[in-house]
Amino acid sequence: MWDFSTDADFQEKLDWMATFVREECEPLDLLFGHAGDPYDVDNQAARKILKPLQERVQEEGLWACHLGPELGGQGYGQVKLGLMNEILGRSYWAPTVFGTAAPDTGNAEILAMFGTQEQKDRYLQPLLDGDIVSCFSMTEPQAGSDPKEFTCRATKDGDSWVIEGEKWFSSNARYAEFLIVMAVTDPTARAHQRLSMFIVPKETPGLKIVRNVATMLERPELDEGTHAYIHYDQVRVPADHMLGGVGEGFTVAQARLGGGRVHHAMRTVGKCQRALDMMCERALSRRTQGELLADKQAVLHYIADSRIELEQFRLLVLKTAWVIDNQPHGTAREYIAMCKVQMAKIYHDIIQRAIQVHGSLGTTTELPLYDWWAGGLSLALADGPTEVHKNGVGKQTLKGYTAAPGLFPTEHIPPRLEAVRAKYADVVEEFAL
Ligand SMILES: Cc1cc2nc3c(=O)[nH]c(=O)nc-3n(C[C@H](O)[C@H](O)[C@H](O)COP(=O)(O)OP(=O)(O)OC[C@H]3O[C@@H](n4cnc5c(N)ncnc54)[C@H](O)[C@@H]3O)c2cc1C
């Protein structure tokens, strides 16, 4: 059965969320607009407003809905989560207000999946309660997205591991209570067994932030950078700070990245819808050369293209969510990769059109579009570049095919025509076909 309807009970929750996000979360984006603000637990002004909002979300039973019931979530599954994340995607602050902000969601998931009871008590619970934030420290300056090139090394020394090396773009390290660090434990092992994962508390000696790198929306002169370039300078952690087993780093990382990517895609639907809403309002409001922008064919095409592409993307994201919920583990991987590729493209294209329809106003800091547009560039890079995911989708697709048995493709018409003529030889002869 194919069914695109939403349960009436659940729709009520979505309606409550939509109003709450519009009235309570979107204004926070204006008051605390810096990328690091939702993660800065020392920002007393933001926390004063945030805490009561988080409590209201908890009272509604909508806190941390990506989690199963055993961890205090609702266990809604990915399809319902997809519908919820579309609403949260409208606002930068909303995921923090609802306890579903990355990278803490992914870090909580791997702590829940691979952590010991002691690790869960010390790190997972305060993370789930929204009292602390965390960092995922994987990418290296010389290696980018390829773990096979990682050199940051962890060496066993008695009851400890000593980490030496550099990491790049470790988002929110400056606010994090702990960092989850991927390091090489056996350089001679097979590619996917060279690495292990470690929990490094922020106060550990040797953990040196070289600088907090600023993206194009952050001002380095005001020290607004949120992506840390880190030197792990002989950082020593007890052996029980390994997350998962020796050589399981790649497996642990994969467990968190899939969910993270599809949640970004779900939120992208919401942000694109908001940009489309803005485009439509402007088209109906602005007059030039004696008519509304809405009367211009080019503007109608911008709106139509955006609506059609968004509808297609939304169906892909919700189908991916359905595959995660209903198909064997791993089946969703290629669907998640398709979402990852497409979200960067659709986000770029729709926001670009929204800026174009707003004219000069669209390029200014008086509308949110410039901020969204610049932030969108990272969608094609964070969690792996578009090209890498396209390679994966292409290879996975080819697995369902084999080479043609002969010189010509199996769709080659002459032999197929000959075969069908032979099959119906009597009809061919009777009617002189
Ligand atoms: C906003 C943001 C937040 C991030 N947060 C984190 C974080 O918290 N923790 C963390 O560890 N990392 C984080 N990253 C880093 C992210 O994982 C990397 O940017 C990503 O893996 C790509 O690495 P790179 O930027 O070094 O690009 P490179 O690996 O150098 O790739 C550069 C370009 O080369 C091309 N390319 C690369 N590989 C291939 C290939 N196989 N086939 C074809 N072309 C290819 C692509 O055009 C690609 O864009 C973040 C990145 C961004 C932008």
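Residues numbered from 1 in each chain as written. Predicted model: local features only at pLDDT ≥ 70, side-chain atom pairs only at ≥ 80, totals over all residues.

**Notes on the overall build of the protein chain**
Part 1 of the reasoning: A tally of regular secondary structure across the protein chain gives 13 helices and 10 strands.
Part 2 of the reasoning: For the protein chain, the C-alpha atoms occupy an extent of roughly 90 × 65 × 45 Å along the three principal directions.
Part 3 of the reasoning: Of all 433 residues assigned to the protein chain, the portion counted as buried reaches 38%.
Part 4 of the reasoning: Look at the contacts in the protein chain between residues 6 or more apart in sequence, and 70% of them connect residues 24 or more apart. (Helix = DSSP H or I, 4+ residues; strand = E, 2+ residues; numbered from the N terminus. Buried ≥ 20, exposed ≤ 12 C-beta atoms within 10 Å, placed from the backbone. Contact = placed C-beta atoms within 7 Å.)

**Looking at the nonpolar core**
Part 1 of the reasoning: By size, the foremost hydrophobic cluster in this structure holds 100 residues, and its most contacted members are Ile 163, Val 181, Ala 183, Phe 198, Val 200 and Ala 275.
Part 2 of the reasoning: Residue contributions to this core peak at 15 residues, all from helix α9 (residues 333-358).
Part 3 of the reasoning: Discounting residues that sit within four places of it in the chain, Ala 183 has contacts with Cys 152, Arg 153, Ala 154, Ile 163, Gly 165, Leu 195, Ser 196 and Phe 198. (Core = buried A, V, L, I, M, F, W, Y, C linked by C-beta atoms within 7 Å.)

**A word on unusual backbone geometry**
Part 1 of the reasoning: Following Ala 102, the chain continues to Pro 103 via a peptide bond in cis, the omega torsion being 0°.
Part 2 of the reasoning: Phi at Asn 172 is positive, roughly 65°, even though this residue is not glycine.
Part 3 of the reasoning: With respect to the secondary-structure elements, Asn 172 resides in the loop between β3 (160-171) and β4 (178-184).
Part 4 of the reasoning: For Ala 432, which is not a glycine, the phi torsion comes out positive at approximately 50°.
Part 5 of the reasoning: Relative to the helices and strands, Ala 432 resides in the segment after α13 (425-430).

**Quick word on the UniProt feature "domain: Acyl-CoA dehydrogenase/oxidase C-terminal" (unreviewed entry) in the protein chain**
Part 1 of the reasoning: Those residues carrying the UniProt feature "domain: Acyl-CoA dehydrogenase/oxidase C-terminal" (unreviewed entry) are residues 247-396 in this numbering.
Part 2 of the reasoning: Taken end to end, residues 247-396 is 75% helix and 3% strand, and its first and last C-alpha atoms sit 25 Å apart. (UniProt positions renumbered as here; feature names shortened; annotations may be inferred.)

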